[in-house]
Amino acid sequence: MEKIMKKIGRISSFLTRYIGVIIIIFSIIAFCWRDGFAWTTNYTSMFLGIAMFGMGLTIKMGDFQVVFSRPKEILIGCLAQYTVMPLLAWILAVVLKLPEDLALGVILVGCCPGGTASNVITYIAGGDVALSVGMTIVSTLLSPLATPSLVYFLAGAWVEVSFAAMVLSVVKVILVPVLFGILIRSILGKQIQKISEILPLISVVSIVMIISGIVAVNADKIISCGILVLGVVILHNLCGMGIGLAAAKFLKVPYDKATAIAIEVGMQNSGLAVSLATVNFAANPLATLPGAIFSVWHNMSGSVFAGMRRRGERQETNANVREEKMECA
């Protein structure tokens with residue numbers, strides 16, 4: 001049994017690291033075989049709830065110590081999360097004069113908390129993983145009020161937004177599953193620890209199913225406006241990471257923590273954006289598209305950014321070593 005769990009753990013680790021590639025592969029399959037994946041859109045909220053429950057299972061009570069031990073970095077990351085990305089989304093929607101549905105979808109993405117994928121990308125980048133986890137936890141717990149409030153104020157010019165309905169949606173698909181996962185982890189800590197390596201697989205499968213369903217249902221619309229949405233998503237994501245990194249540098253945050261903040265700001269819980277669009281804005285079907293495309297793109301850009309930051313970390317370390325040798329000499 002232990003050998004089987006280790007094999008599943010290795011598979012889980014591989015799929016988590018290359019989730020961007022996995023999403024692309026399944027999106028292509030869903031685009032070509034629409035009937036095979038269209039049914040999943042009926043269970044978008046359920047899949048997201050499962051993914052967030054999986055996230056909750058990975059959170060130990062000790063992780064909350066990070067929130068109190070590193071308040072400066074946590075504060076910087078969460079403030080940037082809920083200011084930079086929402087405002088960028090609104091600016092892009094206005095400047096590019098996006099159609100109603102797409103403007104709503106982009107704003108939904110911008111107003112969401114950080115996604116669990118940011119923790120994986122931060123690890124690959126050699127960033128401060130504990131800080132990344134802490135920022136994700138805080139922004140997720142704030143999301144039941146922060147996300148609906150921001151969407152209400154920023155998207156109100158395009159569509160009618162029900163604040164109460166959105167709060168209820170976020171509580172059901174984010175807060176309750178995460179808290180339930182944390183509770184189960186605190187009660188069955190040793191048992192959960194034994195399967196900890198395969199827990200990310202839960203989130204990977206859930207997110208892949210969500211995105212594949214959206215692609216299958218919106219295949220024709222992707223052909224007509226996919227390039228426009230992709231362009232907006234790329235600008236949104238890259239500007240978010242860039243501004244997050246610039247803010248961290250301006251505030252003199254150390255390299256590994258700056259890496260975590262930049263990734264956390266630029267990588268959103270786009271699955272939540274898709275779920276909110278599906279449940280609360282059924283009259284605007286294209287609003288799900290930016291979230292779906294963002295899920296694909298931010299994993300790709302995040303992986304490239306991670307590689308750049310890891311190389312930069314090595315160069316910085318080598319430079320510091322040379323400086324120390326010169327001082328000793």
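Residues numbered from 1 in each chain as written. Predicted model: local features only at pLDDT ≥ 70, side-chain atom pairs only at ≥ 80, totals over all residues. Heavy atoms only, no water.

## A look at helix 13 (residues 219-250)
Phase 1: Along helix 13, the sharpest change in direction is near 70° and occurs at Cys225.
Phase 2: One or two steps after helix 13, the chain reaches Lys252, where phi turns positive at roughly 60°. (Bend = angle between axes of the 7 residues up to and from the residue. Helix = DSSP H or I, 4+ residues; strand = E, 2+ residues; numbered from the N terminus.)

## A word on the confidence of the model for the protein
Phase 1: Averaged over the protein, the pLDDT score is 82; the fraction of residues at 70 or greater is 91%.
Phase 2: Of all the helices and strands in the protein, helix 4 (residues 64-69) carries the lowest mean pLDDT, 70, while helix 6 (residues 84-95) carries the highest, 94. (pLDDT = per-residue confidence, 0-100.)

## Examining unusual backbone geometry
Phase 1: Phi is positive for Lys97, close to 50°, though the residue is something other than glycine.
Phase 2: Structurally, Lys97 is set in the loop between helix 6 and helix 7 (100-110).
Phase 3: The exposed category is assigned to Lys97, whose relative accessible area is 71%.
Phase 4: One non-glycine residue, Lys252, lies in the positive phi region at around 60°.
Phase 5: Summarising the element assignment, Lys252 is placed in the loop between helix 13 and helix 14 (255-266).
Phase 6: Residue Lys252 is classed as exposed on the basis of its relative accessible area, which comes to 74%. (Buried < 20%, exposed > 50% of the residue type's maximum accessible area, 1.4 Å probe, protein only.)

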